[in-house]
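Observations on the model geometry
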Amino acid sequence: MKLDTYKDKGAVQPNLSPSVWSIKPYLNPSQNSFRASTWVQLLELPTPFSNDEALLLCHEFGDLWVAWIPGYGEAVLHSSQFVEARS
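The structure displayed is predicted, hence computed values, not measured ones.

**Side note on unusual backbone geometry**
Of note, S37 is a non-glycine position whose phi angle comes to about 70°, a positive value. Tracing the backbone shows S37 in the loop between α1 (29–32) and β1 (39–42). Accessibility expressed as a relative area gives 61% for S37, which makes it exposed.

**A look at the packing of aromatic side chains**
Each aromatic ring pair is specified by the distance between its two centres and by the angle formed by the two planes. The full count for this structure, using the stated rule, is two aromatic pairs. Seen in terms of ring centroids, F34 and F82 are 4.7 Å apart; in terms of plane orientation they differ by 70°. Their pairing is edge-to-face. Placement of F34 in the loop between α1 and β1 and of F82 in strand β5 (residues 82–84) is noted, with a sequence separation of 48 residues between them. Both residues of the pair, F34 and F82, belong to the buried class. An angle of 65° between the planes, with centres 6.4 Å apart, marks the rings of W39 and W68 as edge-to-face.

Thresholds, definitions, all that
- Residues numbered from 1 in each chain as written.
- Predicted model: local features only at pLDDT ≥ 70, side-chain atom pairs only at ≥ 80, totals over all residues.
- Heavy atoms only, no water.
- Helix = DSSP H or I, 4+ residues; strand = E, 2+ residues; numbered from the N terminus.
- Buried < 20%, exposed > 50% of the residue type's maximum accessible area, 1.4 Å probe, protein only.
- Phe/Tyr/Trp six-rings, centres within 6.5 Å; stacked < 30°, edge-to-face > 60°.

Now the structure itself:
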């Protein structure tokens, strides 16, 4: 059996080269090191009376996290403002 393969010479063929396929989505390394419900050490205190640690509540987008800081309340932090809390 012969299959007729008609190719329209005017049609634009999509680039399906395996070298451009993305199997894994782009992941930012800084996003991988933090998870919600973990305590982090603040590099700078929002007020002199606030705690120096914060609880990450959820990832907002990019490098921003919603966190709860004892003695201050809820805040949006950039990942450059904290590090993993030491045990």
